[in-house]
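# Structural characterization, general
Take a look at the letters that make up each chain.
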2 protein chains.
Amino acid sequence: MEKTIVLALGGNAILQPGQKGTYTEQLENVQKTCTSIAELLDNGYQIVITHGNGPQVGNIATQQIAARDKVPPMPLDICGSQTQGFMGYMIQQSLGNILRERGVNRPVVSLVTQVCVSEDDPAFKRPTKPVGGFVSKEEAEKIMAETGEKWVEDSGRGWRKVVYSPKPLEIVEMPVIKTLIKSGAIVISSGGGGIPVIKKDGKLQGVEAVIDKDRAASLMARQLAADMLVILTDVPRVAINYGKPDQRFLDRLTISEAEKFLKEGHFGEGSMLPKVEAAISFAGTGKEAVIASLDQVKEAIEGSAGTRFQPSKTYSSVS
Amino acid sequence: MEKTIVLALGGNAILQPGQKGTYTEQLENVQKTCTSIAELLDNGYQIVITHGNGPQVGNIATQQIAARDKVPPMPLDICGSQTQGFMGYMIQQSLGNILRERGVNRPVVSLVTQVCVSEDDPAFKRPTKPVGGFVSKEEAEKIMAETGEKWVEDSGRGWRKVVYSPKPLEIVEMPVIKTLIKSGAIVISSGGGGIPVIKKDGKLQGVEAVIDKDRAASLMARQLAADMLVILTDVPRVAINYGKPDQRFLDRLTISEAEKFLKEGHFGEGSMLPKVEAAISFAGTGKEAVIASLDQVKEAIEGSAGTRFQPSKTYSSVS
């Protein structure tokens, strides 16, 4: 029986900080990422992929604003679905190419994925999730005054727009995801955290929000009863006292240790905090979660890289 | 055994001529279309949906141009994949809502779909496929002079940009589509004719083109061995001498009649021509194809509306 691993790719797997975001840049990043993923398949893992869309959904918002006199701008759920299309396409094509080259005959497919949130989620009271590119303080203040949007300083990297980020409750397309996994397909799903929808009188409708992709990945891993959740980002391990003289990287954490550090405010909202929360919620099911850097995905799964979140009772190695 | 029907939705199923293309407009159109589709499921048909994306991919191109100083514009394959995401989302959500309301428990899902074309397709010598909105002759001439793009007059409705439109040869995700249909899911696939890719050294790569969605729908219907191909558009039937005093709507055509009219130039390139070609190529497999208006889909399938393309040997009613 293959082990099922849910892989959550950070935005940097597709568009790296400092890059302009050209097609060539994004495709090269995706190809590199997919080469690492393909190696996992060699090792007999069943992989389900989800990915962030922060920079990309921000770019689409920028394009919409620039053309608003000619083309009516679309709400955030639509922008999110556009990124599922194009990022899914890039991953699907790149991973498919690499698998064919390796003689692995497995279909790779991206699904448009809706994720239910609650209308009553307190997150709808305060926008917290950063989307789009970074600007200077002055520029952010100007945009806030003009549009009423909220922008915040993000981990010393500049100012970003923040939007509502409700908690994912249910992956609408889960039955289809399960059917496809069972058939041997590699599924790319819940891109950008999924398209946020609420249920109203039994009907789904999109909402102006963005779901954190790590939370959505954790939900997916739990609903699939996956064997491991792997959250890939741009740092090798989770740190406490991040950026301070007494910064310390962690290689293992129990749930209670992680919860303690969380309460002490060690993890930045909009960056490490949701990853740690996602890892804790998955580890709570009795399986391991790992936060690691993208170029160490194999090592992370096998136990020699990343920060491992151990289930509460016993620790069992996967390798 | 359920009859399998491939439904090709025209652009007007989602964005009607004269509309601005707001979210509300497009969602209302989609909901109306999905109500008609849901009725077919009541009648025991298995439905596979594909859709055009002409106006939408044009809007995305407009947005990209407007923001090109800030966000690098993407090639046409990426723009197409964006429309698969957002149009798939709207159809998936709307049809899912209507089915739940009717107590039908079947998943609806949109797949990112790549469609292989040949690098050597003669279509890469001359752009013919209209995309995007209509402009005046003067404006089109100005844009052509500035950008080198090609714009043409389209059926008396104004001037539109035209791009390469190679012939679809293979739907890459066909194994996944078949798995999902077999599982009872309603699949939305090959949106906008599919994302055009070529195979080079065994690897897929996107190309700057748009595949005609009716041709892609015909290919899908043939590859699925579907029982019927239904091409939905904004006219009730196919006409010869269209727009002339001796215009005549047709309710039935044999393949050889259709080919004769085609050669005589009765069908407009970029509008009715590809639909008729798609219908002929499917009817060539011995099953019926129908071209009809969106609001008569049920009648078209049952035989009382639209233009039916009869397979060459015998005619057998489906109703």
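If you're wondering where the values come from, they're calculated on a predicted model, not measured in any experiment.

Here is what the cut-offs are and how they apply
- Residues numbered from 1 in each chain as written.
- Chains lettered and ligands numbered in written order.
- Predicted model: local features only at pLDDT ≥ 70, side-chain atom pairs only at ≥ 80, totals over all residues.
- Heavy atoms only, no water.
- Pairing = 2+ DSSP bridges.
- Helix = DSSP H or I, 4+ residues; strand = E, 2+ residues; numbered from the N terminus.
- Axes fitted to C-alpha atoms, helices over the stretch in contact; angles between N-to-C directions.
- Contact = heavy atoms within 4.5 Å.
- Least-squares fit on C-alpha atoms with pLDDT ≥ 70 in both.
- Domains from an automatic or database assignment.
- Buried area = accessible area lost by both parts, 1.4 Å probe.
- Salt bridge = Lys/Arg side-chain N within 4 Å of Asp/Glu carboxyl O.
- Buried < 20%, exposed > 50% of the residue type's maximum accessible area, 1.4 Å probe, protein only.
- Right-handed = clockwise from strand over helix to strand, strands pointing away.
- Patch = residues over 30% accessible without salt bridge, like charges linked within 9 Å, V, L, I, M, F, W, Y side chains within 5 Å.
- Areas by Shrake-Rupley, 256 points an atom, 1.4 Å probe, with all protein chains shown as cover.
- Lys, Arg positive; Asp, Glu negative; His and termini not counted.
- Charge placed at Lys NZ, Arg CZ, Asp CG, Glu CD.
- Parallel < 35°, antiparallel > 145°, perpendicular 65-115°, else oblique.
- Left-handed = near helix turned anticlockwise from the far one by under 90°.
- Nonpolar A, V, L, I, M, F, W, Y, C, P; charged D, E, K, R; others polar.

## Here we look at the sheet that holds strand 15 (residues 252-254) of chain B
All names here are of chain B.
- Taken in spatial order, the 8 strands make up an open sheet running 3-9-2-1-12-16-17-15, and their pairing is mixed. Only two strands of the sheet have a single neighbouring strand rather than two, namely strand 3 (108-110) and strand 15. Across the sheet, the axes of successive neighbouring strands diverge by a mean angle of 20 degrees, strand direction being ignored.
- Strand direction decides the pairing type here: strand 1 (residues 3-9) and strand 12 (residues 228-233), joined by 5 bridges, are parallel. Pairing of Leu 7 across the sheet is with Val 230, part of strand 12.
- Packing against the sheet, helix 3 (residues 76-101) makes contact with strand 1, strand 2 (45-51), strand 3 and strand 9 (186-188), and its axis sits at approximately 175 degrees to strand 3.
- The strands touched by helix 6 (residues 213-223) within the sheet are strand 1, strand 2 and strand 12, with strand 1 carrying the most contacts at an inclination of about 170 degrees.

## Focus on the relation of the copies chain B and chain A
- Of the transformation superimposing chain B on chain A, the axial component is 0.0 Å and the angular component is 180 degrees, with the fit at an RMSD of 0.0 Å. Those values place the two copies in the arrangement expected of a two-fold rotation axis.
- Looking at chain B, 100% of its interface residues are interface residues in chain A too, so the copies touch through the same face.

## A few points about the environment of Ala226(B)
Residue and element names in this part refer to chain B.
- With respect to the helices and strands, the residue Ala 226 is situated in the loop between helix 6 and strand 12.
- Between the C-alpha atoms of Ala 226 and Thr 4, which are 222 residues apart in sequence, the distance is 5.1 Å.
- Ala 226 has contacts with Thr 4, Val 6, Ala 221, Phe 282 and Lys 287, leaving out every residue within four places of it along the chain.

## Brief notes about the domain arrangement of chain A
Residues and elements named next belong to chain A.
- Segmenting chain A into domains produces domain 1 (3-117 + 167-310) and domain 2 (129-163).
- Between domain 1 and domain 2, roughly 710 Å² of surface is buried when both sides are summed, and carbon and sulfur atoms account for 61% of that area.
- Asp 212 is the partner of Lys 129 in a salt bridge, and the nearest nitrogen-oxygen pair spans 3.0 Å.
- The biggest single contributor to the side of domain 1 that touches domain 2 is helix 2 (residues 54-66), with 4 residues.

## What to know about the pairing of strand 1 (residues 3-9) of chain A
All names here are of chain A.
- Along strand 1, 6 of the 7 residues are buried, which leaves the element largely enclosed by surrounding structure.
- Pairing of strand 1 with strand 2 (residues 45-51), which is carried by 7 bridges, proceeds in the parallel orientation. Within strand 2, the position partnered with Ile 5 by the bridge is Ile 47.
- Handedness of the crossover joining strand 1 and strand 2 through helix 1 (residues 23-42): right-handed.

## Here we look at the environment of Ile5(B)
Residue and element names in this part refer to chain B.
- With respect to the element layout, Ile 5 can be found in strand 1.
- Judged by relative accessible area, Ile 5 falls into the buried class, the value being 1%.
- On a C-alpha basis, the gap between Ile 5 and Lys 137 in space is 40 Å, while along the polypeptide they are 132 residues apart.
- Setting aside residues up to four positions removed in sequence, Ile 5 forms contacts with Tyr 45, Gln 46, Ile 47, Val 48, Met 228, Val 230 and Ile 301.

## Quick word on a negative patch on the surface
- A cluster of acidic residues, Glu39(A), Asp295(A), Glu299(A) and Glu302(A), forms a negative patch at the surface.
- Judged by relative accessible area, which is 31%, Glu302(A) ranks as partly exposed.

## Let's talk about the packing of helix 7 (residues 255-263) of chain B against helix 8 (residues 272-283) of chain B
Residues and elements named next belong to chain B.
- Closest axis-to-axis distance for the helix 7/helix 8 pair is 10 Å, and the angle between their directions is 155 degrees. As the angle between them shows, helix 7 and helix 8 are arranged roughly antiparallel. The two elements helix 7 and helix 8 meet at a crossing, and its hand is left-handed. Residues Ile 255, Ala 258, Glu 259 and Leu 262 of helix 7 form the contact with helix 8, whose own contacting residues are Leu 273, Val 276, Glu 277, Ile 280 and Ala 283.
- Residues of the contact of helix 7 with helix 8, tallied by class, amount to 7 nonpolar, no polar and 2 charged.

## Points about the sheet that holds strand 4 (residues 114-116) of chain A
All names here are of chain A.
- Across the sheet, which stays open at both edges, the 4 strands sit in the order 8-4-10-11 with mixed pairing between neighbours. Across the chains shown, the open sheet's two edge strands, defined by having one partner strand only, are strand 8 (170-171) and strand 11 (203-206).
- Across 2 bridges, the pairing between strand 4 and strand 8 is antiparallel. For Val 115, the partnering residue across the bridge sits in strand 8 and is Ile 171.

## Here's the deal with the interface of chain B and chain A
- Between chain B and chain A, the contact holds 50 residues from the first and 50 residues from the second.
- Between chain B and chain A, roughly 4,300 Å² of surface is buried when both sides are summed, and carbon and sulfur atoms account for 66% of that area.
- In this assembly, chain B and chain A are joined by 2 salt bridges.
- Two residues, Glu101(B) and Lys203(A), come together in a salt bridge whose shortest N-O distance is 3.7 Å.
- Tallying contributions element by element places helix 3 of chain B first for the side of chain B that touches chain A, with 14 residues.
- Tallied by class, residues from the side of chain B that touches chain A come to 22 nonpolar, 21 polar and 7 charged.

## Here's the deal with unusual backbone geometry
- Positive phi, normally seen in glycine, also occurs at Asp201(A), with a value near 50 degrees.
- Structurally, Asp201(A) is set in the loop between strand 10 (195-200) and strand 11.
- In the Ramachandran plot, Ser190(B) falls in the positive-phi region, its phi being about 55 degrees despite a non-glycine side chain.
- Within the secondary structure, Ser190(B) is located in the loop between strand 9 and strand 10 (195-200).

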